[in-house]
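# Observations on the model geometry
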Amino acid sequence: MGPPGDWVLLARSPKTKGVPCTCDIVSGDENTETVPRVLVICSGWSALASTAKYSLLTFLPRFLYEQIRRAANAFFLFIALLQQIPDVSPTGRYTTLVPLIIILTIAGIKEIVEDFKRHKADNAVNKKKTIVLRNGMWHTIMWREVAVGDVVKAVNGQYLPADMVLLSSSEPQAMCYIETANLDGETNLKIRQGLSHTADMQTREALMKLSGTIECEGPNRHLYDFTGNLNLDGKSPVALGPDQILLRGTQLRNTQWVFGIAVYTGHDTKLMQNSTKAPLKRSNVEKVTNVQILVLFGILLVMALVSSVGALYWNGSHGSKNWYIKKMDTSSDNFGYNLLTFIILYNNLIPISLLVTLEVVKYTQALFMNWDTDMYYIENDTPAMARTSNLNEELGQVKYLFSDKTGTLTCNIMNFKKCSIAGVTYGHFPELTREPSSEDFCRLPPPTSDSCDFNDPRLLKNIEDHHPTAPCIQEFLTLLAVCHTVVPEKDGDEIIYQASSPDEAALVKGAKKLGFVFTARTPYSVIIEAMGQEQTFGILNVLEFSRGFRAGHKAVDQGGSASVASGIVRSARSLRDGRQFQTQRALGVVNFASGSTATSCVGMLGRRRALTSLQHGSGSRSFHGGGSASLSDNVIFERLSRDSKYMEETLCHLEYFATEGLRTLCLAYVDLSENDYEAWLKVYQEASTILKDRTQRLEECYEIIEKSAHGRGVITSCVASSLPLGYSCRLVSQNMALILLKEESLDATREAITQHCTDLGNLLGKENDVALIIDGHTLKYALSFEVRRSFLDLALSCKAVICCRVSPLQKSEIVDVVKKRVKAITLAIGDGANDVGMIQTAHVGVGISGNEGMQATNNSDYAIAQFSYLEKLLLVHGAWSYNRVTKCILYCFYKNVVLYIIELWFAFVNGFSGQILFERWCIGLYNVIFTALPPFTLGIFERSCTQESMLRFPQLYKFTQNAEGFNTKVFWGHCINALVHSLILFWFPMKAMEHDSVMTNGHATDYLFVGNIVYTYVVVTVCLKAGLETTAWTKFSHLAVWGSMAIWLVFFGVYSTIWPTIPIAPDMKGQATMVLSSAHFWLGLFLVPTACLIEDIAWRAVKHTCKKTLLEEVQELETKARVMGKAMLRDSNGKRVNERDRLLKRLSRKTPPTLFRTGSLQQGVPHGYAFSQEEHGAVTQEAIVRAYDTTKSKCRRK
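Report on the accompanying structure. (Residues numbered from 1 in each chain as written. Predicted model: local features only at pLDDT ≥ 70, side-chain atom pairs only at ≥ 80, totals over all residues. Heavy atoms only, no water.)

### Side note on the overall build of the protein chain
A tally of regular secondary structure across the protein chain gives 39 helices and 38 strands. Looking at the protein chain residue by residue over its 1198 residues, the buried ones come to 58%. Contacts in the protein chain between residues far apart in sequence, at least 24 positions, make up 74% of those at least 6 positions apart. (Helix = DSSP H or I, 4+ residues; strand = E, 2+ residues; numbered from the N terminus. Buried < 20%, exposed > 50% of the residue type's maximum accessible area, 1.4 Å probe, protein only. Contact = heavy atoms within 4.5 Å.)

### Some words on the nonpolar core
Formed by 96 residues in total, the largest nonpolar core has its most connected members in Tyr-346, Ile-889, Ile-902, Phe-918, Leu-985, Tyr-1015 and Val-1018. Not counting residues within four places of it along the chain, the set of residues in contact with Tyr-1015 comprises Leu-899, Phe-918, Cys-922, Leu-925, Tyr-926, Phe-930 and Trp-1048. Listed in part, the 37 residues of the second largest apolar core include Cys-419, Ala-481, Ala-511 and Val-526. (Core = buried A, V, L, I, M, F, W, Y, C linked by side-chain atoms within 4.5 Å.)

### What to know about the sheet that holds strand β7 (residues 175-179)
Taken in spatial order, the three strands line up as β8-β7-β13 in an open sheet, and their pairing is antiparallel. Every other strand in the sheet has two partners, leaving β8 (190-193) and β13 (251-253) as the edge strands with one partner each. Neighbour-to-neighbour, the strand axes of this sheet turn through a mean angle of 45°, independent of strand direction. (Pairing = 2+ DSSP bridges. Axes fitted to C-alpha atoms, helices over the stretch in contact; angles between N-to-C directions.)

### Some details on the layout of surface pockets
Here the second largest pocket defines a volume of roughly 2,000 Å³. If you go around the second largest pocket, you meet 50 residues; those closest to its centre are Phe-959, Arg-1100, Lys-1103, Leu-1111 and Glu-1112. Looking at the lining of the second largest pocket, the elements with two or more residues in it are α26 (870-900), α31 (957-961), α32 (968-992), α33 (1007-1029), α36 (1079-1106), α37 (1110-1123) and α38 (1138-1147). When residues of the lining of the second largest pocket are assigned to their parent elements, the largest contribution, eight residues, is made by α37. For the lining of the second largest pocket, the residue count by class is 15 nonpolar, 16 polar and 19 charged. (1 Å grid on protein atoms, 1.4 Å probe; cavity = no way out; pocket = protein on both sides within 12 Å on 5 of 7 lines; lining within 4 Å. Points joined across faces, edges and corners; volume = space filled by probe spheres on them. Nonpolar A, V, L, I, M, F, W, Y, C, P; charged D, E, K, R; others polar.)

### Some thoughts on the packing of helix α3 (residues 97-126) against helix α9 (residues 354-371)
A packed helix pair is summarised by two numbers, namely the angle formed by the two axes and the spacing between the axes. Close contact between α3 and α9 brings their axes to 9 Å; oriented N to C, the two are set at 25°. One element, α3, and the other, α9, form an angle in the roughly parallel class. Handedness of the α3/α9 crossing: left-handed. The residues of α9 that touch α3, namely those facing Ile-103, Ile-106, Ala-107, Lys-110, Val-113, Glu-114 and Lys-117, are Leu-355, Val-356, Glu-359, Val-360, Tyr-363 and Asn-370. In terms of residue class, the contact of α3 with α9 is made up of eight nonpolar, one polar and four charged. (Parallel < 35°, antiparallel > 145°, perpendicular 65-115°, else oblique. Left-handed = near helix turned anticlockwise from the far one by under 90°.)

### A look at the pattern of salt bridges
The final tally for this structure, using the stated rule, is 26 salt bridges. The salt bridge involving Glu-393 is made with Lys-362; its shortest N-O contact spans 2.9 Å. Pair noted here: Glu-393 is in the loop between β15 (385-386) and β16 (398-403) and Lys-362 is in helix α9, with a separation of 31 residues, a long-range link. Looking at Lys-362, the relative accessible area reads 7%, which means it is buried. Taken together, the shared-partner salt bridges in this structure form one network comprising Lys-1025, Glu-1029, Asp-1096 and Arg-1100. (Salt bridge = Lys/Arg side-chain N within 4 Å of Asp/Glu carboxyl O.)

### Some remarks on the packing of aromatic side chains
Under the definition given, this model contains 31 aromatic pairs. Note on Phe-941 and Phe-1036: the rings are 4.5 Å apart at their centroids and 5° apart in plane angle, and the pair reads as stacked. On the criterion of sequence distance, the pair formed by Phe-941 in the loop between α29 (933-940) and α30 (947-952) and Phe-1036 in helix α34 (residues 1035-1055) is long-range, its members being 95 residues apart. Exposure remark for Phe-941: the relative accessible area of 24% places this residue in the partly exposed category. A relative accessible area of 36% places Phe-1036 in the partly exposed class. Through pairs of rings, three or more aromatic residues link up here, namely Tyr-900, Phe-918, Tyr-926, Phe-930, Tyr-1015, Trp-1048, Phe-1051, Phe-1052 and Tyr-1055. Taking the ring centre of Tyr-894 as reference, the NZ or CZ of Lys-1025 above it sits at 5.6 Å. (Phe/Tyr/Trp six-rings, centres within 6.5 Å; stacked < 30°, edge-to-face > 60°. Lys NZ or Arg CZ within 6 Å of the ring centre and 35° of its normal.)

### Re α9
If you check α9, its first and last C-alpha atoms are 26 Å apart, about what 18 residues at 1.5 Å a residue would give, namely 26 Å. In terms of burial, α9 is largely enclosed, as 13 of its 18 residues are buried. (Expected span 1.5 Å × (residues − 1).)

### Some thoughts on the side chain of Thr-946
Along the polypeptide, Thr-946 turns up in the loop between α29 and α30. Dropping the residues within four chain positions of it, Thr-946 is found in contact with Trp-880 and Glu-1118.

### Here we look at the sheet that holds strand β22 (residues 525-530)
Spatially, β21-β22-β23 is the arrangement adopted by the three strands of the open sheet, whose pairing is antiparallel. The sheet is open, and its two borders are formed by β21 (516-522) and β23 (533-538), each paired with just one other strand. Sheet twist, expressed as the mean angle between neighbouring strand axes with direction ignored, is 20°. Two elements, β22 and β23, share six bridges in a ladder whose sense is antiparallel. The partner of Val-526 across the bridge, within β23, is Phe-537.

### Section: helix α1 (residues 59-68)
Listed as buried for α1 are Phe-59, Phe-63, Glu-66 and Gln-67. Looking straight down α1, one finds its buried side chains confined to an arc of 95°; they lie on one side. Tucked inside the fold, the buried residues of α1 contact α2 (71-82), α3 and α9. (Arc of directions from axis to C-beta.)

### Concerning the packing of α9 against α26
The N-to-C vectors of α9 and α26 enclose an angle of 165°; their axes lie 11 Å apart at closest approach. Compared by their axis directions, α9 and α26 come out roughly antiparallel. With respect to the hand of their crossing, α9 and α26 are arranged in right-handed fashion. Touching Leu-354, Thr-357, Leu-358, Val-361, Lys-362, Gln-365, Phe-368 and Met-369 of α9 are Leu-873, His-877, Ser-881, Arg-884, Val-885, Cys-888, Ile-889, Cys-892 and Phe-893, all from α26. Looking at side-chain class alone, the contact of α9 with α26 contains eleven nonpolar, four polar and two charged residues.

### Focus: a nonpolar patch on the surface
Nonpolar side chains collect at one region of the surface, where Leu-60, Leu-64, Ile-68, Leu-77 and Leu-81 lie side by side and expose about 420 Å² of accessible area between them. For the nonpolar patch, the elements supplying multiple residues, two or more each, are α1 and α2. It is α1 that provides the largest number of residues to the nonpolar patch, a total of three residues. Structurally, Ile-68 is set in helix α1. (Patch = residues over 30% accessible without salt bridge, like charges linked within 9 Å, V, L, I, M, F, W, Y side chains within 5 Å. Areas by Shrake-Rupley, 256 points an atom, 1.4 Å probe, with all protein chains shown as cover.)

If you want it as structure tokens, here you go:
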């Protein structure tokens, strides 16, 4: 038997969803020898989690499948098999097989190295440490060793190693706080609570006495669902639900420790169930290359067919006449034999070295990305990481970019930045003197522990100087210190705020910095220290959040004996000027000893949260705080009394703050008499207990107390969201028309989309200066089969599309729809596990190593630390990689066609006998040695423009984005050019040597003499062609061009003298002396390459003169800058902009006329966004507030 306290799994079906699982809970002690052991009655379980592409068993078959999918590899495998047929190959049996094995080996090593990085990242997760109860003692083990049934202990800040049922925690009533950003991207903390039956099991001894069983559903991917039963011995079964389950990947926050029992481990966990294997991705350039290889193969077959027919014709017409040709056999008359011979002879028309060249080139490009210090984030020592190099060129062709918001476009940092109180703004943000972008926020200095970047001495000075607005300022700061669910914990003299939301923490810490310190909480009161004076606010009521209307109330009574506060939070949907927004308000009611009561309201736009808070002021009042800019003028402002002050000033400041992309919160209050509050309380209590339409009755109750509020101020924090974020990152401009889709049914969605498509008219399908905003609920209908096409037509007609509150599956779906429909390169970027689906679905997936774990990074193709680094990744590395890879591919095909098509021209001379013009080893080493360096220098060091120019002129990206450097037209243009060069390179020397020439020693020339001359001309020509293709000359470029020529000449001289010392190539004996002593050779060495390349130079000059591109203009600017000491290209603070402005003016385009109905398209200013909090949590807001008494010392039993 096994350790006491272990839970024994009796039966389970890991592959069948919905099949229940049963765990036995047993009792015992550490001195008992006959104790139960953990039994797993099924196979295949492992706590090991993997995102790697290969394993030891799957590497060989999966790698070979991926390689043979490439047309070139499949072709050379076919040729290698043909060469095994006896007496068919004119070049031997292994001349193709051996190079192919070498190429596959190099590619395999590269894949192993890249996948090793994935395994290393997985091991970093699997080898994390956790604590489990085994053999009656706590043991520290690795995550991968956690087994189903283990009692696991997690401490504050740790990530959970498995899905486990919560037993107990350090917090009251077995509550704990978790952050699920690694699962769903939500950064607000969520509360989970264990059952009361296990809440008191807070020691090792208590856990060892536990006995019973757990029944739960089989593994599934539903993050928010869990069904199970806890059967303790001698007690009735108790239901387990999602509130008792802690999922793998979540982080324990604001909780000292928890105990839980593992029910799912490894790939059975919900996190891994939502992950998929890394897909096999191929770049678009590779796909186009494969198609062209297939076409070349067809041409090769035609060439072989023509040559075979020519052989039959020549043998039939000349074979009997030419008596000097001795026929050893009749195989040359066999058409099939000849066909196979010519297929093998011409097979090098397709470059066998292309793939291995590309593998090395791309791998080196990936290293350049990893080494780029501009994409290195020094704060957490995180460099960029190319997790695959197969998609480098895809980065240069991205047309559609899909981005997550939280943690990706934003930095997940909450700071108290600015405020407006009684019509006066406070706070300073000098970086926003220009239009801000997400990069501005990401480059802010790391936040302090106070989460407060507020720096304006005027605020406190106005209080000290008794400024007329001083009472309002005090009320404002007191509200921030009181209205929340934050729990203060003292660590010596320091107060640590445990908050379920970073928004709350930022506001409370902001108030603390300004002298209003939240010091303690009891179940019925809140204690603050305001400007050195302690004040106590009593909590009367806490009203919960709801999806339709979110409000939070506290009633506070403050005076000599007690203070009372009641809070309400609610949200509403309002329609103003055709714009629809979701709004939130928080309302508080306060009762004072003097007999009067006040209510406070907090309103917010957007996401999850509004909460109650109240303040003691002179007299008797509490405050209703609320809002964001977009809803304040609707929801909060419409509830203000007619005599409220500062309405216009505050609204103006709201618009200003929201324009900067800041979250905003409005504060207001309303005075109530004691009698009014008592009357409202009776209505509230009645509504709280009614069985029918309770929610609606509560909403009506909230409406009663929200009326006649008085505005007080606005707060902002530094994170934007949705539409405001669209403005702040310049995805949406101020003059851009907006289409808002927020419907409740499929029919309504269809009707709205159809109407908008009709409004667009002839502009449908074209890019318009329009932004489309749609929420997740409507997106569900928009992606349905009958509406999908119309929705996609509408979306593709817009310049930007913003999808709000979408699920991970919806993210993946919309990427897949665009990917399949428009046939354009897509890129998805995110930082959380909820982004993994779209990252893997897109052509290119980029993960951000942010605050939401490593799931996105581990499943991505490229990883960066900041969203702002994406600019250089695409505009510089992406564009460079595309240019380099395409030039490398085109050059490899060019040089192979130039040399090997000459064999076809020679066939017309030798009677289609299959005779080769060049010596066998010279043919074999052509790609391996003599022309190997130019493709590498083009693929690694070539660049069309400097990185400064690529970033300064982002329009250059269109050249690579539109595949102008590599397409069918460009490819066959290079092939035809190579064909022309091959004609010149063969027939010019051939005609010059047509009548032979006698050497001084009396020897006559032969075919090999002509072959070596032609070969030399070919090497010189293709090397000089590489020089013409080179834009950025480096020492490596010179080495490749001139060094390759020198290598051939040295090899030629040595190779012509080694026989008979080395018994190979006797035909080459003395060839170098013969060739180099021939005047024909030296004359042709100048004329023939010149004749080939003069055509290229002339074409380029005419094209450059008649139709100059932006790229060429920028290259001219760079040349002038080098000549003039960089006078033309300076940074943004000191640049001379005459040429730059002329270029940009040339590229500017007019916005299409607006032909849209004002009801369907909105020209609007950006607005702020709401503060976050979990809705319908496991623990109610009132339970949280009532559970803590921080005035008492906390006993933490472990």
